[in-house]
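# Structure at a glance
Each chain is listed here by its residues.
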Amino acid sequence: MKTEASSPTREITLSLLLKEGESSAYNLASSLGISVQAMRRHLRNLQEDGLVKANQISAGPGRPCKVWQLTSEGENTFNRGNEKFALDLLNSVKRTFQEESIEKILGDQAIEKAKKYRSEIGSGTLKERIEKLVFLRQAEGYLGEYQEDNEGKGWFINEFHCSIKEIAMEHPAICDKELTLIRLTFPDCEVSRTHWRLEYGHYCGFYIIPLPSH
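Residue positions within a chain follow its written sequence, with the count starting from 1. It should be noted that, the model being predicted, local features are given only for residues of pLDDT at least 70 and side-chain atom pairs only at 80 or more, the latter also being counted only at that level, while totals for whole chains, interfaces and linings use all residues. Only hydrogens and water are set aside; all other atoms, that is, all heavy atoms of the structure, feed into the side-chain values.

Glancing now at the sheet that holds strand 7 (residues 204-210). By definition, two strands form a pair when at least two bridges between them are found by DSSP. Going along the chain from the N terminus, every DSSP run of H or I of four or more residues is numbered as a helix, and every run of E of two or more is numbered as a strand. Reading across from one edge, 4-5-7-6 is the order of the four strands in this open sheet, with antiparallel pairing throughout. In the strand order of this sheet, the two ends are held by strand 4 (143-148) and strand 6 (189-195), each with one partner. Across the sheet, the mean angle separating the axes of adjacent strands is 20° when strand polarity is ignored. Sheet topology places strand 5 (residues 155-161) next to strand 7; five bridges connect them, and they run antiparallel. Among the inter-strand pairings, Asn-158 is bridged to a residue of strand 7, identified as Gly-205. Helix 9 (residues 173-185) contacts strand 6 and strand 7 of the sheet and is inclined by roughly 145° relative to strand 6. Axes here mean lines fitted to C-alpha atoms, for a helix over just the part in contact, with angles spanning 0 to 180 degrees between N-to-C directions. We call two residues in contact when some of their heavy atoms are within 4.5 Å.

Attention now goes to the packing of helix 2 (residues 25-32) against helix 3 (residues 36-48). Contact pair helix 2 / helix 3: the axes reach a minimum separation of 9 Å and the direction vectors enclose 110°. By the angle between their directions, the pair helix 2 and helix 3 is classed as roughly perpendicular. Facing helix 2, whose interface residues are Ala-25, Tyr-26, Leu-28, Ala-29 and Leu-32, helix 3 presents Val-36, Met-39, Arg-40 and Leu-43. Under the scheme applied, nonpolar residues are Ala, Val, Leu, Ile, Met, Phe, Trp, Tyr, Cys and Pro; charged residues are Asp, Glu, Lys and Arg; polar residues are all the others, including Gly. Of the residues that constitute the contact of helix 2 with helix 3, the class distribution is eight nonpolar, no polar and one charged. Each angle is binned into one of four classes, with values under 35 degrees roughly parallel, values over 145 roughly antiparallel, values of 65 to 115 roughly perpendicular, and all other values oblique.

Right, let's talk about the confidence of the model for the protein chain for a bit. What pLDDT conveys is the predictor's confidence in a given residue, as a value from 0 to 100. Confidence in the prediction for the protein chain averages 80 pLDDT; 75% of positions are at 70 or higher. Mean pLDDT per element in the protein chain: helix 5 (residues 83-96) is the minimum at 56, and strand 7 is the maximum at 94.

So, on to the nonpolar core. Core analysis: the biggest nonpolar cluster contains 19 residues, and Leu-126, Ile-130, Leu-133, Ile-182, Phe-186 and Ile-208 have the highest contact counts within it. Elements represented by at least two residues in this core include exactly helix 6 (99-121), helix 7 (126-139), strand 5, helix 9, strand 6 and strand 7. Element by element, the count of residues in this core is highest for helix 7, at five residues. Setting aside its immediate chain neighbours within four residues, Ile-182 contacts Leu-133, Arg-137, Val-191, Phe-206 and Ile-208. One finds Leu-14, Leu-43, Val-52 and Phe-160 within the second-largest nonpolar core, a separate group that totals 16 residues. Definition used in this section: a nonpolar core is a set of buried Ala, Val, Leu, Ile, Met, Phe, Trp, Tyr and Cys residues joined via side-chain atoms within 4.5 Å. Note on classification: 1.4 Å probe, protein chains only; a residue is buried when its accessible area is under 20% of the maximum for its type, exposed when over 50%, partly exposed between these limits.

A sheet is described by the order of its strands in space; here three strands give the open sequence 1-3-2, paired in antiparallel fashion. Two strands in the sheet have a free side with no partner beyond their single neighbour: strand 1 (23-24) and strand 2 (52-57). Examined bridge by bridge, strand 2 and strand 3 (residues 65-70) share six bridges and lie antiparallel to one another. Looking at the pairing, Ile-57 lines up with Cys-65 of strand 3. Relative to strand 3, helix 1 (residues 8-20) is tilted by about 100°, and along the sheet it contacts strand 1, strand 2 and strand 3.

The next subject is the environment of Thr-180. Considering the arrangement of structural elements, one finds Thr-180 in helix 9. For Thr-180, a relative accessible area of 32% translates into the label partly exposed. As a C-alpha pair, Thr-180 and Ser-192 span 12 residues in sequence and 9.7 Å in three-dimensional space.

Another point: helix 3. For a helix, the expected span equals 1.5 Å multiplied by the residue count minus one. Between its terminal C-alpha atoms helix 3 stretches 18 Å, which fits the 18 Å expected from 13 residues at 1.5 Å a residue. By the burial criterion, the buried members of helix 3 are Ala-38, Met-39, His-42, Leu-43, Asn-45 and Leu-46. For helix 3, the buried positions fall inside an angular range of 160° around the axis, keeping them on one side. Of the surrounding secondary structure, the elements contacted by the buried residues of helix 3 are helix 1, helix 2, strand 2 and strand 3. Along the arc lie the directions from the helix axis toward the C-beta atoms.

A cluster of basic residues, Arg-40, Arg-41, Arg-44 and Lys-66, forms a positive patch on the protein surface. The dominant element in the positive patch, judged by the number of residues it contributes, is helix 3, at three residues. When you line up the elements, Arg-40 lands in helix 3. Any residue with relative accessible area above 30% and no salt bridge may belong to a patch, with like charges joined within 9 Å and the nonpolar Val, Leu, Ile, Met, Phe, Trp and Tyr side chains within 5 Å. Accessible surface area values rest on a Shrake-Rupley calculation with a 1.4 Å probe, where residue burial reflects the displayed protein chains alone. When a carboxyl oxygen of Asp or Glu lies within 4 Å of a side-chain nitrogen of Lys or Arg, that pair is called a salt bridge. Neither His nor the chain ends contribute to the count of charged residues, in which Lys and Arg are positive and Asp and Glu negative. Where a charge lies is defined by one atom per residue type: Lys uses NZ, Arg uses CZ, Asp uses CG and Glu uses CD.

It is worth spelling out the packing of helix 1 against helix 2 at this point. Where helix 1 contacts helix 2, the two axes come as close as 11 Å, and the packing angle between them is 120°. It follows that helix 1 is oblique to helix 2 by the angle criterion. The two elements helix 1 and helix 2 cross, and the hand of that crossing is right-handed. For the pair helix 1 and helix 2, the contacting residues are Thr-9, Ile-12, Thr-13, Leu-16 and Leu-17 in the first and Leu-28, Ser-31 and Leu-32 in the second. A per-class count over the contact of helix 1 with helix 2 returns five nonpolar, three polar and no charged. Here a crossing is taken to be left-handed if its near helix is turned anticlockwise relative to the far helix by less than a right angle, and right-handed if that turn runs clockwise.

Spelled out as structure tokens, the structure:
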């Protein structure tokens, strides 16, 4: 049964759950500045639409706490619609070519895409370039954010929605090329992976530190 049409509250709730992984109705209501009762109504509507589900967790003495998270269908609301085509295409290529050829194709693609990124983000400060990259990747379906580390040495990029999630699940090597892509985009920096959603957590993360200047 379909309930209320798309609304800002509905979309923001889905986005918050995508970012946080899971959250209580109270925390979601606080983030949106609405009552807990109103948020629970929104969550029930989303649950009826099959977009969210509730889990009971123990929060110490007293009643269990209910937390909410996206279902697979809920995550799919962030897809751009071209992922299945890309997955079918990659599987077809894999059947046709040897594994070494696939690696080369993906590597070449990372090189070309990094060139495009570098051209579009320009040569500003590292913060300015990271901000522009996050914006570019959001347009590609990567819902992400960036923040400076506590010591001011580098920057984190965290991506909560991956536009190639289904492809990466079948072809994990693509994630290696994503790391290569970020490294090639910032050749003056050291780039490492901090989180990988295929192994743990609900997002992918990268840490970028400027290399010492000579």
